[in-house]
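Now for the letters of each chain:
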Amino acid sequence: MADSRRPGPTRPPIRLRPAPVADPPYVDEVPDLWPRPPGQLALDLFGTGQPPPGRPTGRRPDPRPHPGHPVAPPPPPPATATPEAARAAHRFVGTCLEILNGYRPPGQIRALVEPGRTVEVTEQLARAASRTPPTRRRSTRPAVHLRRLRVCEPRAAAVEVAAVVTAGGRTWAMALRLEHRRGSWLCTTLQVI
């Protein structure tokens, strides 16, 4: 007797592929693309954005250098942070997230804050804690997640940080400033936005 079972329809195997990044680039990732001053052309090679004197208005500026006309200096590069400053910023924000997730007691933030600013920083951290869902004591999954962190060092020994944080479907930002004093990075300002 012949086998009356027929093979069923075959399906191709399922393949997962990563989705492309949908977020636009930030100003510090792609310098000099956005925002531009009004009236400046995208291909303005010398960065003046103004027509040279003596040319009629309504015509494009001549991009070639003219003898006797000084070329404008290039704009200063965007302020970036040193690796040590970036590590300090990541460490401080990570400690804040561990406090918000219930992995650390709130008192541990005192060692990372300038002594005169402890009350202000802990109040802001309590404000952030009010936005988070209640933490379960034995939960291994964090409720508060860091989405994005931007670090800028506008001057030596001072770092400004912007962090985007999510918890329970809500998103908010934290802005803070760290200063290098007496051999360690201390938080001088924390704002939950």
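In what follows, the accompanying structure is described.

Conventions used here
- Residues numbered from 1 in each chain as written.
- Predicted model: local features only at pLDDT ≥ 70, side-chain atom pairs only at ≥ 80, totals over all residues.
- Heavy atoms only, no water.
- Helix = DSSP H or I, 4+ residues; strand = E, 2+ residues; numbered from the N terminus.
- Buried < 20%, exposed > 50% of the residue type's maximum accessible area, 1.4 Å probe, protein only.
- Contact = heavy atoms within 4.5 Å.
- Areas by Shrake-Rupley, 256 points an atom, 1.4 Å probe, with all protein chains shown as cover.
- Pairing = 2+ DSSP bridges.
- Axes fitted to C-alpha atoms, helices over the stretch in contact; angles between N-to-C directions.
- Expected span 1.5 Å × (residues − 1).

### Concerning the overall build of the protein
Then step 1. Scanning the protein for helices and strands turns up 2 helices and 4 strands.
Then step 2. Ordered by position from N to C terminus, the α and β elements of the protein give α-α-β-β-β-β.
Then step 3. The buried share of the protein, taken over its 193 residues, is 24%.
Then step 4. At a minimum sequence separation of 6, the contacts of the protein that also span at least 24 residues come to 45%.
Then step 5. Carbon and sulfur atoms make up 57% of the accessible area of the protein, which totals about 14,700 Å².

### Some thoughts on the sheet that holds strand β2 (residues 158-167)
Then step 1. The 4 strands lie next to each other as β1-β2-β3-β4, forming an open sheet whose pairing is antiparallel. Two strands in the sheet have a free side with no partner beyond their single neighbour: β1 (144-155) and β4 (184-192). Averaged over neighbouring strand pairs, the angle between their axes works out to 25° when direction is ignored.
Then step 2. Bridge analysis of β1 against β2 gives 9 bridges, and the strand direction is antiparallel. Among the inter-strand pairings, L146 is bridged to a residue of β2, identified as V165.
Then step 3. The strands touched by helix α1 (residues 83-100) are β1, β2, β3 (170-181) and β4; relative to β1, the strand with the most contacts, the crossing angle is about 145°.

### Regarding α1
Then step 1. Counted at 1.5 Å a residue, the expected span for α1 with its 18 residues is 26 Å, and the 26 Å between its end C-alpha atoms agrees.
Then step 2. For α1, every residue scored as buried is listed here: A85, A88, A89, F92, V93, T95, C96, L97, I99 and L100.
Then step 3. Count one or two residues on from α1 and you reach G102, which has phi positive near 85°.

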